[in-house]
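Structural characterization, general
Single-letter residue listing:
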Amino acid sequence: MINYQEKNILVVGGSSGIGLSLVKFLNENNARVYVISRTIPDDFPAGVKHLQADITGDLDAVVAFLPEHLHGLVYSVGSINLKPFNRLTANDFLNDYQLNVLGAVRMIQLSLKQLKNAGGASVVLISSVAARTGLPFHASISAAKSAIEGLALSLAAELAAQQIRVNVVAPSLTDTTLAQNLLNSPEKREASAKRHPLARYGQPEDVSQAIAFLLSDCSSWITGQVIRVDGGLSNLKTS
Ligand SMILES: NC(=O)c1ccc[n+]([C@@H]2O[C@H](COP(=O)([O-])OP(=O)(O)OC[C@H]3O[C@@H](n4cnc5c(N)ncnc54)[C@H](OP(=O)(O)O)[C@@H]3O)[C@@H](O)[C@H]2O)c1
């Protein structure tokens, strides 16, 4: 069993879905967990420190909120903005980029000193199956998530000398609030499950367990990688 004792881990977007699943797991396994989000859910675990903030707004309070040593940072904020290409506006592209990419950039910059202080740290960003698999109506989110993968690769190289690892998890459709519109009928759920070689869509734990591994010392020689947690969708052709 992996233990996160003595590890301080920040989960940005830890109030719902994949992030909340991760927060619960880390908290149960003795990590000291810090969460930033706009709201707190009813089932938020006691003992987890929370800062209410909108990642697109004023982040002045973040530095005082962070511990001196930060061993892990996960950016689990994002969007699923699916539209035919001719209906996507410049603002759609800018908003997806701001939330998915610039939000992660701002959080990493604000935490860099604390990550360096830890003497060994892990940053995990979240992409999407749509970054490397061509899917219709995904032009804006695919562009933003591809940027996340590029950002992670460059940062992994730049920060390796400081023992800061940077990796990405790229999920396919996962049953969270964000994906509600894609899974809100039995027909949609069945069709979505069938699209995946493993014949199901994801649960938040499928993704959060991969992130938990990347945060742990079990992955201490892994950096600059994208782990595709997608039921086989991106790489397999089964029929
Ligand atoms: N679900 C999927 O099918 C799927 C597929 C591929 C990739 N992903 C990626 O996985 C990641 C997690 O998504 P999820 O499905 O777990 O979504 P989710 O359940 O909607 O969780 C998103 C989290 O981000 C926070 N958040 C959103 N906007 C924010 C803002 N402006 N400022 C601060 N916090 C904000 C939310 O908290 P508050 O609302 O309380 O602020 C929540 O904690 C995202 O990067 C998403 O793009 C998801």
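**Some thoughts on a nonpolar patch on the surface**
A contiguous nonpolar surface patch, about 230 Å² in accessible area, is contributed by Ile80, Leu178 and Leu182. Mapped onto the elements, isoleucine 80 comes out in the loop between β4 (72-75) and α3 (90-117).

**What about the sheet that holds strand β2 (residues 32-37)?**
Strand order in the open sheet made by the seven strands is β3-β2-β1-β4-β5-β6-β7, with parallel pairing throughout. Two strands bound the open sheet, and with one partner strand each, they are β3 (49-52) and β7 (226-229). Strand-to-strand, the axes of this sheet are offset by a mean angle of 15°, without reference to chain direction. Examined bridge by bridge, strand β5 (residues 121-126) and strand β6 (residues 164-171) share six bridges and lie parallel to one another. Residue pairing across strands places valine 124 opposite asparagine 167, the latter belonging to β6. Sheet strands in contact with helix α1 (residues 17-28) are β1 (8-12), β2, β4, β5 and β6, and its direction is about 165° off that of β1.

**Some words on the side chain of histidine 71**
Mapped onto the secondary structure, histidine 71 falls in the loop between α2 (62-65) and β4. You can call histidine 71 buried: its relative accessible area is 17%. Residues contacting histidine 71, with those up to four places away along its chain left out, are Glu6, Lys7, Asn8, Ala118, Gly120, Ala121 and Ser122.

**Brief notes about the packing of α1 against helix α6 (residues 204-215)**
Between two packed helices, the angle of one axis relative to the other and the distance separating the axes together describe the packing. One way to put it is that α1 packs onto α6 with a least axis distance of 8 Å and a crossing angle of 55°. Viewed along their axes, α1 and α6 adopt a mutual orientation that is oblique. Two packed elements cross with a definite hand, and for α1 against α6 that hand is right-handed. Here α1 contributes Gly17, Ile18, Ser21, Leu22, Phe25 and Leu26 to the contact with α6, which in turn contributes Pro204, Glu205, Val207, Ser208, Gln209, Ile211, Ala212 and Leu215. Taken together, the residues of the contact of α1 with α6 break down into nine nonpolar, four polar and one charged.

**So, the packing of aromatic side chains**
Scanning all chains against the criterion turns up two aromatic pairs. Considering the side-chain rings of tyrosine 4 and phenylalanine 25, the 6.1 Å spacing of their centres and the 80° angle between planes classify their relative orientation as edge-to-face. With a gap of 21 residues between them, tyrosine 4 in the segment before β1 and phenylalanine 25 in helix α1 connect regions that are remote in the sequence. Like phenylalanine 25, tyrosine 4 is buried. Consider the rings of tyrosine 34 and phenylalanine 65, whose centres lie 5.6 Å apart with planes at 80°: the pair is edge-to-face. Here tyrosine 34 is found in strand β2, whereas its partner phenylalanine 65 is found in helix α2, with 31 residues between them in sequence. Considered together, tyrosine 34 and phenylalanine 65 belong to a single accessibility category, that of buried residues. One cation-aromatic arrangement involves lysine 49 over tyrosine 34; the distance from NZ or CZ to the ring centre is 5.2 Å.

**A short note on the site of the ligand**
Within the structure, the ligand sits among 30 residues, and Ser15, Ser16, Arg38, Thr39 and Thr176 are positioned closest to it. Here serine 15 contributes a side-chain N or O atom positioned 2.7 Å from an oxygen atom of the ligand. Between the ligand and isoleucine 55, the relevant distance is 2.8 Å, taken from a nitrogen atom to a main-chain nitrogen or oxygen of the residue. Within the complex, 93% of the 890 Å² of free accessible area of the ligand lies under protein.

**Some words on the side chain of glutamine 114**
Note on placement: glutamine 114 falls in helix α3. Apart from residues lying up to four places away in sequence, glutamine 114 is in contact with Val63, Leu66, Pro67, Glu68, His69 and Leu70.

**Section: the environment of alanine 90**
Mapped onto the secondary structure, alanine 90 falls in helix α3. Looking at alanine 90, the relative accessible area reads 58%, which means it is exposed. Sequence separation of alanine 90 and serine 140 is 50 residues, and the distance between their C-alpha atoms is 9.4 Å.

Rules used throughout
Residues numbered from 1 in each chain as written. Predicted model: local features only at pLDDT ≥ 70, side-chain atom pairs only at ≥ 80, totals over all residues. Heavy atoms only, no water. Patch = residues over 30% accessible without salt bridge, like charges linked within 9 Å, V, L, I, M, F, W, Y side chains within 5 Å. Areas by Shrake-Rupley, 256 points an atom, 1.4 Å probe, with all protein chains shown as cover. Salt bridge = Lys/Arg side-chain N within 4 Å of Asp/Glu carboxyl O. Helix = DSSP H or I, 4+ residues; strand = E, 2+ residues; numbered from the N terminus. Pairing = 2+ DSSP bridges. Axes fitted to C-alpha atoms, helices over the stretch in contact; angles between N-to-C directions. Contact = heavy atoms within 4.5 Å. Buried < 20%, exposed > 50% of the residue type's maximum accessible area, 1.4 Å probe, protein only. Parallel < 35°, antiparallel > 145°, perpendicular 65-115°, else oblique. Left-handed = near helix turned anticlockwise from the far one by under 90°. Nonpolar A, V, L, I, M, F, W, Y, C, P; charged D, E, K, R; others polar. Phe/Tyr/Trp six-rings, centres within 6.5 Å; stacked < 30°, edge-to-face > 60°. Lys NZ or Arg CZ within 6 Å of the ring centre and 35° of its normal. Near = heavy atom within 4 Å. Polar contact = N/O pair within 3.5 Å; in protein donor to acceptor, adjacent residues only side chain to side chain.

The values reported here are purely geometric and, on their own, carry no functional implication.
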